[in-house]
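Listed here are the chains, written in short residue letters.
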Amino acid sequence: MFRLWGDYCNYNASGVVLHVGGNYNQNQNHGAFYLNGNNAASNSNANIGARFLVNGSHDLMVNTPTSGGVLHGCRFRTPLGEDCVDRDGLSTPERAKERLIDNKETIPMKRMRDAFTKIISEDNLRKAIKTVCDSHRWVHYPNKPNNTVIYLEAHMDKKIEELRNLIVNGFEPSPVTIKRRYDVNAGKWREISEPRLWPDQCVHHALIQAIEPVMMRGMDYYCCGSIKKRGAHYGISAIKKWLQRGKGVKYCIELDIHHFYDSLKPQLVLARMKQLIKDRLALDLIWRVIQNGIQIGAYCSQWFANTFLQPLDQLIRNSGATKYLRYMDNFTIFTNRKRTADKLIAIIREWLQTHSLDLKGNWQKFRTAKRMPNALGYRFGKDYILIRKKNRLRLKQQLKRYYRMRERGEFITCKFAQGLLSRLGMLRHCNSVSFYEQYVKRKTQKHLKDIVRDYYRKEMLKWNTSLEPQKKMA
């Protein structure tokens, strides 16, 4: 038994092992045909570029720290086999690294232990209160400064201590305000829950800020919606890239979960969070927040919903879906085989049924050559993107109404101008040159922005004189 390359290789054969072409960094004895048969095992690591002259019948056992396999009749010059390429085009170190990554995926993640300590820390609570205040500084109707925000900012240190005591002594959620709103894009009514600004929303932000790293650790790369830097345009760029390359996109599957938030049970969400967090006090706070249901409108609900679907994302990935995107509860999957598409639909349906959920009945499976995929408000072709027909029709109606009001000299509200600007902004991310030429007149967006700018300038002048006295009184 001769020991070569330190801990990297064992050679089990009878005979002499000769290094050919070594000693590149030592002395003048180097070259393509220099025979180096006198070096000890401890000195053989310096023979960079050396190769063996061995009999083809001998077996070479490669025992790298990550690989641990047998290569018969290998002929490579470098110690780790960088120049030995297998049939998949990967060298020995690359294959070992790939095997190490595969082994890591099977190891369960470590659970978070100090979550509650992070939740009640002063920096975390201060950041939570500041984030809530920045997003609720103005009351939309009637338009005026939010007195609660003014009071919280004036007594920040006192409120931090009060918020910590509320969490430590057992947070009890306040009754939420439920408002029924019509979702124009979805074409249905939604019940939106609005938690109280103090202390409920501050508790929600403090909780999510502390446990966000452990939730993001298992998040799928193409899980979009309600995640920082992963909005609709993040998913649009991914689908556009997949279709442009044209590989593995022969079939498309579009699915949706039926009444996802209403059907999602808090017990199942808590069971999922127990897999990520090992902190009894933090889990108790999570249960207090979600015990009344996963409510649409609460800041923490969207995070818990995405975290709950992480095992399903992993199951879909492991079942052969390489081009897969999920926007909240909307699934868009591309595959090259019809049998794989049917298998994925069955897997998703079975997983949802085991968790008391169900697919919506209008799921679709079709060939991309005959029909354009429809997702995130757009329709996707191979080299172009079009806006959805419903959105295009509403935009045409709003533009027609706007030009008619402007001709008649009618007053255009700030809310109407903001909505029209938002719809016009959708055209920036699709092929819309012909639409602009046909329906949008010159300087339309400039005029709409002037309406919004003048409105907020007047509002600031109106309330600027009353803000200072309120701060002094507080």
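Just so it is clear, the structure is predicted and the values come from calculations on it, not from any experiment.

J.: Sorry, what's going on with the overall build of the protein chain here?
T.: Helices and strands together make up the secondary structure of the protein chain, namely 17 helices and 19 strands. Evaluated residue by residue, the protein chain yields a buried proportion of 40% over its 474 residues. As displayed, the protein chain offers around 27800 Å² of accessible surface, 50% of which is attributable to carbon and sulfur atoms.

J.: Please explain the sheet that holds strand β19 (residues 385-387) as it appears in this structure.
T.: The pairing of strands in a sheet comes from backbone hydrogen bonds and takes either a parallel or an antiparallel form. Spatial strand order, β17-β18-β19: three strands in an open sheet with antiparallel pairing. For this open sheet the edge positions go to β17 (374-375) and β19, each flanked by a neighbour on one side alone. Taken together, the three bridges between strand β18 (residues 378-380) and β19 define a ladder with antiparallel strand orientation. Across the sheet, residue R379 finds its bridge partner in β19, namely L386. Seen against the sheet, helix α7 (residues 232-245) touches β17, β18 and β19 and runs at an angle of roughly 20° to β18.

J.: Looking at this model, I keep getting lost on the nonpolar core. Mind explaining?
T.: For soluble globular proteins, the rule of thumb is that nonpolar side chains tend to be buried together. Judged by nonpolar contacts, the single largest core of 71 residues is most densely connected at I211, I277, I286 and F304. Looking at which element gives the most residues to this core, the answer is helix α6 (residues 197-217), with 11 residues. Leaving out residues up to four positions away in the same chain, I286 has contacts with L207, I211, L270, M273, I277 and F304. Core analysis: the second largest hydrophobic core is formed by 36 residues, Y222, C414, L424 and C430 among them.

J.: Can you help me understand the state of the cysteines in this one?
T.: As used here, a disulfide is simply a covalent bond connecting the sulfur atoms of two cysteines. Throughout the structure, instances matching the rule amount to zero disulfides. No disulfide involves C224; its nearest neighbouring cysteine sulfur is the one of C223, lying 6.7 Å away.

J.: Would you mind going over the confidence of the model for the protein chain with me for this structure?
T.: Residues with a pLDDT of 70 or more make up 74% of the protein chain, whose mean pLDDT is 80. In the model, residues 469-474 has pLDDT below 50 throughout and makes six contacts with residues more than four positions away in sequence or in other chains.

J.: Help me understand the sheet that holds strand β13 (residues 251-256), please; the structure alone is not making it clear to me.
T.: Here five strands make up an open sheet; going across it, the order is β12-β14-β15-β13-β16 and the pairing mixed. In this open sheet, the two edge strands, each paired with only one partner strand, are β12 (223-224) and β16 (364-367). When β13 meets strand β15 (residues 330-335), the two strands line up antiparallel, connected through six bridges. When the sheet's bridge partners are listed, D256 is paired in β15 with N330. Each of β13, β15 and β16 is contacted by helix α13 (residues 338-354), which is oriented at about 15° to β13, the strand it contacts most.

J.: Which parts of the structure should I look at to understand the environment of Y182?
T.: Mapped onto the secondary structure, Y182 falls in strand β10 (residues 177-183). Its relative accessible area of 44% is what places Y182 among the partly exposed residues. The residues contacting Y182, other than those within four sequence positions of it, are G187, K188 and W189.

J.: I keep staring at unusual backbone geometry and nothing clicks. Help me out?
T.: Look at the link from W198 to P199: it is a cis peptide, with omega at 5°. Assignment of secondary structure puts P199 in helix α6. Look at S226: it is not a glycine, yet its phi comes out positive at around 65°. A relative accessible area of 33% means that S226 is categorised as partly exposed. In this structure, K229 is a non-glycine residue whose phi angle is positive, near 65°.

J.: Hey, could you run me through helix α9 (residues 266-274) in this one?
T.: Three or more residues of α9 are buried, namely P266, V269, L270, R272 and M273. The buried residues of α9 all sit within an arc of 160° when viewed along its axis, so they share a single face. On the buried face of α9, the contacting elements are α6, α10 (280-290), α11 (299-308) and α12 (310-318).

J.: Help me out: how do you make sense of the packing of aromatic side chains in this one?
T.: Under the counting rule described, the total for this entry stands at 12 aromatic pairs. With a centroid separation of 6.1 Å and an interplanar angle of 40°, the aromatic rings of Y222 and Y234 are classed as tilted. Residue Y222 is located in the loop between α6 and β12, and its partner Y234 is located in helix α7; the two are separated by 12 residues in the primary sequence. Given a relative accessible area of 13%, Y222 falls into the buried group. Look at Y402 and Y403: their rings are 5.2 Å apart centre to centre, the planes differ by 55°, and that puts the pair in the tilted class. Judged on exposure class, the residue Y402 and its partner Y403 are both buried. An aromatic cluster of three or more residues is present, and its members are Y221, Y222, Y234, W242 and F334. Sitting above the plane of the F366 ring, R371 keeps its charged end 4.2 Å from the centroid. When the ring centre of Y403 is taken as reference, the NZ or CZ atom of K441 above it lies at 4.6 Å.

Quick notes on the rules
- Every residue gets a number counted from 1 within its own chain, in the order that chain's sequence is written.
- Given that this is a predicted model, residues contribute local features only at a pLDDT of at least 70 and side-chain atom pairs are listed and counted only at 80 or more, while totals for whole chains, interfaces and linings are drawn from all residues.
- The basis for the side-chain values is all heavy atoms of the structure; hydrogens and waters are excluded.
- Helix and strand definitions follow DSSP, with helices as H or I runs of at least four residues and strands as E runs of at least two, each counted in order from the N terminus.
- Partly exposed describes any residue whose relative accessible area lies between the buried limit of under 20% and the exposed limit of over 50%, with all areas from a 1.4 Å probe on protein chains only and scaled to the type maximum.
- Note that accessible areas follow from Shrake-Rupley with a 1.4 Å probe, and for residues the cover is restricted to the protein chains shown.
- One requirement defines pairing of two strands: DSSP has to find at least two bridges between them.
- Only heavy atoms matter for contacts: two residues are in contact if any of them lie within 4.5 Å across the pair.
- Lines fitted to C-alpha atoms define the axes, with helix axes restricted to the stretch in contact, and inter-axis angles between N-to-C directions lie between 0 and 180 degrees.
- Only buried residues count toward a nonpolar core, which is a set of Ala, Val, Leu, Ile, Met, Phe, Trp, Tyr and Cys residues joined through side-chain atoms within 4.5 Å.
- Cysteine sulfur pairs qualify as disulfides if the two atoms are within 2.5 Å.
- Values of pLDDT, which run from 0 to 100, indicate the predictor's confidence residue by residue.
- Here, the arc refers to the directions that run from the helix axis to the C-beta atoms.
- Two aromatic rings, drawn from Phe, Tyr or Trp (for Trp, its six-membered ring), form a pair once their centres lie within 6.5 Å of each other, and the interplanar angle then sorts them: stacked below 30 degrees, edge-to-face above 60, tilted otherwise.
- Definition used: whenever NZ (Lys) or CZ (Arg) falls within 6 Å of the ring centre and also within 35 degrees of the ring normal, the charge is taken to sit over that ring.

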